[in-house]
Amino acid sequence: MTAVIIDGKGFAERLRGRIGTLAAQFEEQAGRKAGLAVVLVGEDPASQVYVRGKHRATVGAGMESFEHRLAADTSQADLLALVERLNADDAVDGILVQLPLPDHLDEQAVIAAIAPEKDVDGFHVINAGRLATGGTGFVPCTPYGCIMLLRDRLGDLSGMDAVVIGRSNIVGKPMAQLLLGENCTVTIAHSRTKDLPAVVGRADIVVAAVGRPEMVKGEWLKDGATVIDVGINRVAASEEGKTRLVGDVDFGGASERAGAITPVPGGVGPMTIAVLLRNTLVSAFRREGLELDESAL
Ligand code: NDP
């Protein structure tokens, strides 16, 4: 079988188009733009790239982007004071603190300080709890993007066997909760899982969020499985001195066995920013008490 390539880039572009239309509608009704505040502490090069991308996408969707760049030696107290100011700022609908933070800062305490109704990353324990108990909150962007791609590809996921490889708070665990919400039978695999190939081989849906280049092999997969590759790993390219991005799945081998697969790049990655914009817009409509058909997003 030759797998269908799941075009996350195209899907994300269409989603951003719908967000742009609704952002204009929001501005007209609320008399202001929806606003996203992004806080970057220090000069981590990868984080700078992500923050620039988020700024461009936010402005591109017709929303306000508030960037706060703080020095690497910013104190916990100063960072918490900024989060408090953003919590109280009516022009700010979403707050994102770019992770990882420098070592001297307590990430959990900073996330806990964000008002849950502005926590568009969905990392606050209140939002994690709402996801686990079926309440309405914000869901972390990457796993939500994966679910959108899966629903688009497969329709009803009810009764399917799903394996999530990875159990981080930002990808693996919320991914498993979302699949459970779709009535899948969910297995969460991790570094202590015994016989991972056998576990993967039972799955109709495989989500790989490990951070190990091309670890999941094509021959592990059940014929026709749908594979969502969350991994982003930079490896040496064949050309000397150059690098390239690969996922957690051996794309070549998996494409021969899977029914459908997301590529890296161009699969899950573009969905993450699109869902961040979605969550910010949803927050804006909720905070202004304006009606929004969230299912249209
Ligand atoms: P973490 O490092 O937080 O978690 C990795 C998980 O993989 C852990 O649960 C770990 O298990 C598990 N794991 C490690 N080695 C193995 C192994 N040999 N077999 C089975 N499981 C294993 O990573 P994240 O969840 O933050 O990210 C995962 C990947 O997704 C990374 O490549 C990251 O770059 C990418 N990513 C992509 C995003 C996007 O926008 N596309 C967004 C976020 C992340 P254990 O818990 O036992 O240690």
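A quick note: this is a predicted structure, and the numbers were derived from the prediction, not measured.

S.K.: Looking at this structure, how should I read the overall build of the protein?
M.R.: Within the protein, the regular secondary structure consists of 10 helices and 11 strands. Compactness check: the protein gives a C-alpha radius of gyration of 19 Å against a globular reference of 19 Å for 297 residues, within 12% of the reference. Its C-alpha atoms put the protein at 55 × 45 × 35 Å along the principal axes. Each of the 297 residues in the protein was classed as buried or not, and the buried ones make up 48%. Counted over contacts in the protein with a minimum sequence separation of 6, partners at least 24 positions apart contribute 68%. Distance between charge centres in the protein, computed from 30 positive and 39 negative side chains, equals 3 Å.

S.K.: Whenever I open this one, the domain arrangement of the protein confuses me. Can you help?
M.R.: Interface size is commonly expressed as the accessible surface area that is lost when the partners come together. Looking at the assigned domains, one finds that the protein contains domain 1 (30–118) and domain 2 (141–269). For domain 1 and domain 2, the distance between their C-alpha centres works out to 29 Å.

S.K.: Help me understand the sheet that holds strand β4 (residues 94–97), please; the structure alone is not making it clear to me.
M.R.: Each strand in a sheet pairs with its neighbour through backbone hydrogen bonds, running either in the same direction (parallel) or in the opposite one (antiparallel). Spatially, three strands are ordered β3-β2-β4 in an open sheet, and the strand pairing comes out parallel. Sheet topology places β3 (64–70) and β4 at the edges, where each strand pairs with a single neighbour. Neighbour-to-neighbour, the strand axes of this sheet turn through a mean angle of 15°, independent of strand direction. The strands that helix α2 (residues 45–60) touches are β2 (35–41), β3 and β4; relative to β3, the one it contacts most, it runs at about 160°. On the sheet, helix α3 (residues 76–88) packs against β2, β3 and β4 and is oriented at approximately 175° with respect to β2.

S.K.: Help me understand the site of the ligand in this model?
M.R.: Around the ligand, the surrounding shell holds 22 residues, and the nearest of these are Arg-167, Ser-168, Ser-191, Arg-212 and Thr-272. Note that a nitrogen atom of the ligand is positioned 3.5 Å from one of the backbone N or O atoms of His-190. Contacts to the ligand include Arg-212, whose side-chain N or O atom sits 2.9 Å from a nitrogen atom. Protein burial of the ligand: of its 930 Å² of free accessible surface, 70% is covered by the chains.

S.K.: Looking at this structure, how should I read the pairing of β3?
M.R.: On a regular strand, one side chain projects to one face of the sheet and the next to the other, so that they alternate. By the bridge criterion, seven bridges tie β2 to β3 in an arrangement that is parallel. By the bridge assignment for β3, Ala-37 is matched with Phe-66. The parallel pair β2 and β3 is bridged by α2, and the resulting crossover is right-handed.

S.K.: Help me understand the packing of aromatic side chains, please; the structure alone is not making it clear to me.
M.R.: The geometry of an aromatic ring pair comes down to the distance between the two centres and the angle between the two planes. A complete count under the given rule lists one aromatic pair for this structure. In this structure, Arg-286 is placed above the aromatic ring of Phe-138, and the distance from its NZ or CZ to the ring centre is 4.9 Å.

S.K.: I'm lost on helix α10 (residues 269–287) in this one. Help?
M.R.: Working note: α-helix, 3.6 residues per turn, so residues spaced by three or four point in the same direction. If you check α10, its first and last C-alpha atoms are 28 Å apart, about what 19 residues at 1.5 Å a residue would give, namely 27 Å. With its phi angle positive at about 70°, Gly-289 sits one or two positions after the end of α10.

S.K.: Even after reading the chapter, I still don't get unusual backbone geometry, so can you show me in this structure?
M.R.: Comment: phi is negative for the bulk of residues other than glycine, and the bulk of peptide bonds are trans. Here the residue pair Leu-99 and Pro-100 is connected by a cis peptide bond, since its omega of 0° sits within 30 degrees of zero. Structurally, Pro-100 can be placed in the loop between β4 and α4 (107–113). Between Val-264 and Pro-265 the backbone carries a cis peptide bond, its omega angle lying at -5°. With respect to the helices, strands and loops of the structure, Pro-265 is situated in the loop between β11 (260–261) and α10. The residue Asn-183 is not glycine, and still its phi comes out positive at about 70°. Structurally, Asn-183 is set in the loop between α7 (172–181) and β6 (185–189).

S.K.: Whenever I open this one, the sheet that holds strand β8 (residues 226–229) confuses me. Can you help?
M.R.: Overall, parallel pairing links the six strands, which are arranged β1-β11-β8-β7-β5-β6 in an open sheet. Each having just a single partner strand, β1 (4–5) and β6 make up the two edges of the open sheet. Two strands pair when backbone bridges link them, and strand β7 (residues 205–208) and β8 are joined in this way by four bridges, in the parallel orientation. Bridging from a neighbouring strand, Val-207 pairs with Ile-228 of β8.

S.K.: How should the environment of Glu-294 be read in this particular structure?
M.R.: One can find Glu-294 in the segment after α10. Between the C-alpha atom of Glu-294 and that of Arg-278, which follows or precedes it by 16 residues, the distance is 9.1 Å.

S.K.: What is the right way to look at the packing of helix α6 (residues 141–154) against α7 in this model?
M.R.: When two helices pack together, you describe them by how their axes are tilted relative to each other and by the distance separating the axes. At a closest axis distance of 9 Å, the pairing of α6 and α7 adopts a crossing angle of 35°. By crossing handedness, the relation of α6 to α7 is classed as right-handed. Contacts between α6 and α7 pair Pro-143, Tyr-144, Cys-146, Ile-147 and Leu-150 from the former with Pro-174, Met-175, Leu-178 and Leu-179 from the latter. In terms of residue class, the contact of α6 with α7 is built from nine nonpolar, no polar and no charged.

Cut-offs used in this document
- Residues numbered from 1 in each chain as written.
- Predicted model: local features only at pLDDT ≥ 70, side-chain atom pairs only at ≥ 80, totals over all residues.
- Heavy atoms only, no water.
- Helix = DSSP H or I, 4+ residues; strand = E, 2+ residues; numbered from the N terminus.
- Rg over C-alpha atoms; globule rule 2.2 N^0.38 Å.
- Buried < 20%, exposed > 50% of the residue type's maximum accessible area, 1.4 Å probe, protein only.
- Contact = heavy atoms within 4.5 Å.
- Lys, Arg positive; Asp, Glu negative; His and termini not counted.
- Charge placed at Lys NZ, Arg CZ, Asp CG, Glu CD.
- Domains from an automatic or database assignment.
- Pairing = 2+ DSSP bridges.
- Axes fitted to C-alpha atoms, helices over the stretch in contact; angles between N-to-C directions.
- Near = heavy atom within 4 Å.
- Polar contact = N/O pair within 3.5 Å; in protein donor to acceptor, adjacent residues only side chain to side chain.
- Areas by Shrake-Rupley, 256 points an atom, 1.4 Å probe, with all protein chains shown as cover.
- Right-handed = clockwise from strand over helix to strand, strands pointing away.
- Phe/Tyr/Trp six-rings, centres within 6.5 Å; stacked < 30°, edge-to-face > 60°.
- Lys NZ or Arg CZ within 6 Å of the ring centre and 35° of its normal.
- Expected span 1.5 Å × (residues − 1).
- Left-handed = near helix turned anticlockwise from the far one by under 90°.
- Nonpolar A, V, L, I, M, F, W, Y, C, P; charged D, E, K, R; others polar.

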